[in-house]
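Structural features, examined
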Amino acid sequence: MTQSNETTRRWLRRAGSARLEFGADYNPDQWPREFWDDDVRAMREAGVTVVSLAIFSWARLEPREGAYDFAWLDEVMDLLHAGGITVDLATATASPPPWLTRKHPEILPVTRTGEVLSPGARQHWRPTSPIFREHALRLVRELATRYAEHPALVAWHVNNELGCHNIYDYSDDAAAAFRVWLRNRYHDVEALNHAWGTAFWSQRYDDFEEVLPPRLAASHPNPTQQLDFKRFSSDALKEHLRAERDLLRSITPEVPVTTNFMVMGETKGMNYADWAAEVDFVSNDHYVLPGPQARDELSFSANLTGNLAGGRPWFLMEHSTSAVNWQPVNVAKKPGELERDSLTHVAHGADAVCYFQWRQSKAGAEKYHSAMLPHAGTDSDLFRAVVRFGQRLRELAPVAGSRRRRAEVGIVFDWESWWVAEHDSHPTDRLRYRQETLDWYTALLDAGVRADVLPVTGPLEEYRVLIAPILHVLPARLAVRLRDWVAAGGHLVTTYFSGIVDENDHVWLGGYPGPLRDVLGIRIEEFGPLLDHESVELDNGTTGTLWTDRIDVTSDDVEVLARYKTGEQAERAAVTRRRAGAGSAAYVSTRLGPEGLGPLLPALLGPAGVRGELPPELAGRVELAIRGDHWFLINRTDGPVDLGALPDGGILEPRGVAILHRP
Ligand code: GAL
């Protein structure tokens with residue numbers, strides 16, 4: 001079993017009969033006491049089962065150093081319990097109180113350019129500060145001891161969105177911790193010199209003590225230093241998670257511990273493939289990012305989260321009922337979107353549907369962010385929609401606990417390739433790793449083919465087809481694994497800028513794409529990135545942008561699926577495929593977007609015998625996701641879709657989700 005399958009071992013303490021949990025972040029300390037009873041009453045009306053409590057309450061819980069005030073939290077915990085609502089209790093360490101930063105300004109993070117971040121917002125702490133750690137753990141110990149036996153407590157919520165604002169800290173604390181991390185990785189400084197290629201630009205180190213984080217420099221900082229700093233920064237926050245978790249486990253071993261990940265959009269600093277095994281169950285936050293692929297991006301994130309959880313249920317800790325407050329323009333959700341967005345997460349394995357937040361704030365930076373209970377109060381369309389949805393979730397209780405059904409196609413997602421492919425001093429700074437992976441996902445959805453988005457550490461061999469877009473960092477071991485899998489019958493598809501460097505960000509020599517040359521039967525001598533206004537025509541009628549490769553076909557058994565018609569590479573192969581062993585290996589050398597990838601799919605999936613599970617007339621219009629014996633049919637369009645081709649199909653409302661039982 002792979003590591004990811006070992007994760008997500010425990011669910012909420014005292015979870016009774018199976019149900020889908022429903023709730024939100026609850027911030028009663030931001031409201032006068034007289035609101036609390038109304039809150040619990042309205043939560044009951046909506047069918048709320050769980051709230052995340054005290055996430056930003058440090059200053060209220062410890063108003064002065066060592067002086068704790070738990071009376072209000074005791075009362076809230078008791079009120080919630082009396083109302084039948086369970087609590088995912090935060091450790092409250094996300095936002096340090098003013099007394100702490102006044103006394104210890106040396107816990108404040110420092111940017112790459114040397115500016116110190118001031119308190120006054122949130123998450124203004126250095127992940128590696130021993131002083132912060134000490135104060136945070138003291139609070140965690142107090143909370144865990146006080147609420148260990150509280151009947152409302154079902155889970156611990158470590159900190160909040162670790163790394164949302166403080167993933168990269170370049171302070172002296174970070175520098176010291178980075179050197180410790182490097183000593184552990186390399187043991188002797190010559191190994192570091194080799195890995196970082198420090199013969200270049202006179203960067204050789206004689207002692208670990210000379211090493212710094214990649215702070216603002218005169219030109220491009222050493223690329224492997226940048227990569228290691230990213231690894232280190234992800235590890236530093238993971239260490240904080242582990243420190244709080246271990247303390248919690250020592251006091252309440254029976255209470256599961258989680259923390260909310262941010263598998264969404266361009267949030268990329270935390271290597272969640274590496275974090276997932278650290279929590280008892282995986283939790284995620286997701287907010288819709290406007291744009292033509294907004295819905296698909298939500299599905300992609302939910303799908304990847306489900307695979308980080310090893311296919312087991314996970315907890316949607318935050319999303320929004322309607323608009324957020326942090327985009328340039330914050331658009332309200334259209335009718336149907338509240339349910340569709342939430343149920344798309346459920347379709348990909350969420351057993352809890354929670355929002356930020358319960359009651360919309362009256363003051364503070366998030367007062368225009370939607371909530372379950374809006375400014376307008378319970379007499380509002382939004383609250384009525386929330387109540388209706390709560391009812392629907394109760395009816396979906398039979399879904400709870402079921403596992404995602406694995407797809408035949410896997411899209412490989414690799415945090416390190418994401419980091420490195422977008423480094424500076426590359427052939428182009430326009431390349432976007434996540435966009436390319438999302439484009440493949442959209443193309444598969446358009447074709448009605450189910451795919452799993454899975455971390456590169458996942459069970460790759462279980463798939464018939466693996467699509468590995470921009471698999472830029474290719475350690476030798478992974479290359480061997482992929483080649484062996486192809487020889488045994490796997491069908492690999494990869495793209496431009498894949499297989500270029502090893503784990504030290506050193507180029508594989510002899511022509512690109514290094515260790516995949518043989519299996520692909522191609523060799524590339526030079527990259528051909530395109531300028532913004534340039535595009536190239538392919539002879540299958542599609543158009544490439546961003547990138548081209550000067551491909552030489554080196555093996556007679558390579559089939560050219562498309563050639564360049566225009567541009568520098570005219571006449572050369574643009575898309576190739578080679579039968580290799582019992583499988584095949586294909587290469588796409590330009591950015592085609594979902595419209596251009598679609599026409600290639602029959603040739604790429606056909607030989608693997610993969611086809612859509614939906615009737616052809618539904619392909620593209622609905623997304624299919626399967627959990628246990630439930631089929632989720634998610635309307636991707638703004639119009640109704642006739643599901644008549646399916647038994648019990650009926651009409652799927654615009655932006656609706658139908659859930660069919662298929663024992
Ligand atoms: C998350 C955060 C919440 C809230 C929300 C708003 O990043 O965890 O506290 O700020 O975003 O969308």
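One can find the structure itself at the top, above this paragraph.
Rules used throughout
- Residues numbered from 1 in each chain as written.
- Predicted model: local features only at pLDDT ≥ 70, side-chain atom pairs only at ≥ 80, totals over all residues.
- Heavy atoms only, no water.
- Phe/Tyr/Trp six-rings, centres within 6.5 Å; stacked < 30°, edge-to-face > 60°.
- Helix = DSSP H or I, 4+ residues; strand = E, 2+ residues; numbered from the N terminus.
- Buried < 20%, exposed > 50% of the residue type's maximum accessible area, 1.4 Å probe, protein only.
- Lys NZ or Arg CZ within 6 Å of the ring centre and 35° of its normal.
- Contact = heavy atoms within 4.5 Å.
- Pairing = 2+ DSSP bridges.
- Axes fitted to C-alpha atoms, helices over the stretch in contact; angles between N-to-C directions.

1. Remarks on the packing of aromatic side chains
Two measures describe an aromatic ring pair: the distance that separates the ring centres and the angle between the ring planes. What the rule picks out here adds up to 38 aromatic pairs. Geometrically, the ring pair formed by F178 and W196 is stacked, given 6.2 Å between the ring centres and 25 degrees between the ring planes. Highlighted residues: F178 in helix α6 (residues 172-186) and W196 in helix α7 (residues 189-196), separated in sequence by 18 residues. Each member of the pair F178 and W196 is classed as buried. Ring centres 6.1 Å apart and planes at 90 degrees place the aromatic pair Y272 and W415 in the edge-to-face group. Taken together, the residues span a long stretch of sequence, with Y272 in helix α9 (residues 272-275) and W415 in helix α13 (residues 415-421) at a distance of 143 residues. W415 matches Y272 in its accessibility class, with the two residues each being buried. One aromatic cluster is present, formed by F261, Y272, W275, F300, F413, W415, W418, Y433 and Y441 through successive ring pairs. Lying across the ring of W72, R60 places its NZ or CZ 5.1 Å from the centre. Taking the ring centre of W631 as reference, the NZ or CZ of R662 above it sits at 5.9 Å.

2. Looking at the side chain of H369
Mapped onto the elements of the fold, H369 is located in the loop between β9 (350-355) and α12 (381-395). Setting aside residues up to four positions removed in sequence, H369 forms contacts with Y287, S320, A323, V324, N325, W326, F356 and Q360.

3. Observations regarding the sheet that holds strand β21 (residues 622-627)
Taken in spatial order, the three strands line up as β21-β22-β25 in an open sheet, and their pairing is antiparallel. Strands with a single pairing partner mark the edges of an open sheet, and in this sheet they are β21 and β25 (657-661). Between one strand axis and the next, the sheet turns through 20 degrees on average, direction left out of account. One ladder, built from six bridges, connects β21 with strand β22 (residues 630-635); its direction is antiparallel. Counted as the bridge partner of V622 is N635 from β22.

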